[in-house]
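# Close look at the chain arrangement
Listed below, chain by chain, are the residues.
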Amino acid sequence: MGTTNKRSALGLTVLGILAGEPMHTYRIQKLIKDYGKDRVVNVRQRASVYQAIERLLKLELIRVERVEGHPERTVYGITDAGLTTAKAWIKDMLATTGNEFPEFPVGLSFLMMLTPEEAAEQLQARLSAVDARLAEIAPMLGGSADLARIFLVEEEYGHALLVAEQRWLRALVADLHTGSLTWSEESLRQAAAEFNARQEEQS
């Protein structure tokens, strides 16, 4: 069916949870939150899980096990194809990179449209958010969550990324405050002109 090319983070999450046992949508949603998967998967809208289930049904990666009165109490189970596909998605997600386009690097690429003061203010706000997120994760990684490490490896990865970002943001904000990184409309125009001139020489 070629489903491995249509992988999605939320789809894998639903498959992964159903691999444990069949259950209805409400319990799937509850476990996504209980397991902390909502911190690594975009589940901003309640309908997202329902949409993922409909897609997985069409792909025959899950099936209806039984209906208990109301539609929302329909119990779903993973199929053999679903289990095979979930494992293929996991392998692909673990081994590949460069397929995501987060917004933060895009904002950084147009940082010069703000003043250095505005940039420092916004980056400081992000740094504060990173600090708060690290404080939130710390107890979990410190053992207070009473979970085996295998259930926390995604949190370890997120923690490592946040620590690196925290260090980089602190240095960048410091450079903006000291003026070692700065720009003006005149300096930007000059830099653009010099770049364009070099491009014309090379063409």
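Residues numbered from 1 in each chain as written. Predicted model: local features only at pLDDT ≥ 70, side-chain atom pairs only at ≥ 80, totals over all residues. Heavy atoms only, no water.

## Here's the deal with the packing of helix 1 (residues 9–18) against helix 4 (residues 80–95)
Relative orientation and spacing of two packed helices are given, respectively, by the angle between their axes and the distance between those axes. Packing of helix 1 against helix 4 brings their axes to within 10 Å, and their N-to-C directions diverge by 130°. Comparing the axis directions of helix 1 and helix 4 gives the class oblique. Remark: the crossing between helix 1 and helix 4 carries left-handed chirality. Of the residues in helix 4, those in contact with Ala 9, Gly 11, Leu 12 and Leu 15 of helix 1 are Gly 82, Ala 86, Trp 89, Ile 90 and Met 93. (Axes fitted to C-alpha atoms, helices over the stretch in contact; angles between N-to-C directions. Helix = DSSP H or I, 4+ residues; strand = E, 2+ residues; numbered from the N terminus. Parallel < 35°, antiparallel > 145°, perpendicular 65-115°, else oblique. Left-handed = near helix turned anticlockwise from the far one by under 90°. Contact = heavy atoms within 4.5 Å.)

## Concerning the nonpolar core
Counting residues in hydrophobic clusters, the biggest one holds 22 residues, and the most contacted among them are Val 14, Leu 15, Leu 18 and Ile 28. Looking at this core, the elements that each hand over two or more residues are helix 1, helix 2 (25–34), helix 3 (47–58), strand 3 (75–78) and helix 4. Sort the elements by how many residues they give to this core and helix 1 lands first, with six residues. Leu 15 has contacts with Leu 56, Leu 61, Ile 62, Ile 78, Gly 82, Ala 86 and Trp 89, leaving out every residue within four places of it along the chain. Leu 123, Leu 127, Val 130 and Val 173 belong to the second largest nonpolar core, which has 14 residues in total. (Core = buried A, V, L, I, M, F, W, Y, C linked by side-chain atoms within 4.5 Å. Buried < 20%, exposed > 50% of the residue type's maximum accessible area, 1.4 Å probe, protein only.)

## A look at the confidence of the model for the protein chain
Averaged over all residues, the pLDDT of the protein chain is 88; the fraction at 70 or higher stands at 93%. The weakest mean pLDDT in the protein chain belongs to helix 5 (residues 103–109) at 86; the strongest belongs to strand 3 at 96. (pLDDT = per-residue confidence, 0-100.)

## Examining the pairing of strand 3
Covered by surrounding structure in strand 3 are Val 75 and Gly 77 together with Tyr 76 and Ile 78, the residues of both alternating faces. Of the pairings in the sheet, the one linking strand 1 (residues 23–24) to strand 3 comprises two bridges and is antiparallel in character. Its bridge partner being in strand 3, Met 23 is matched across the sheet by Tyr 76. The sheet contact formed by strand 2 (residues 62–66) and strand 3 spans four bridges and is antiparallel. Paired with Val 64 across the strands is Tyr 76, a residue of strand 3. (Pairing = 2+ DSSP bridges.)

## Observations regarding the pattern of salt bridges
Applying the stated rule across the entire model yields 11 salt bridges. The residue Asp 131 makes a salt bridge to Arg 170 at a minimum N-O spacing of 3.9 Å. Taken together, the residues Asp 131 in helix 6 (residues 116–144) and Arg 170 in helix 7 (residues 153–178) connect sequence positions 39 residues apart. By relative accessible area, Arg 170 is classed as partly exposed at 46%. Put simply, Arg 39, Arg 133, Glu 136 and Glu 155 are held in one network by salt bridges that share partners. (Salt bridge = Lys/Arg side-chain N within 4 Å of Asp/Glu carboxyl O.)

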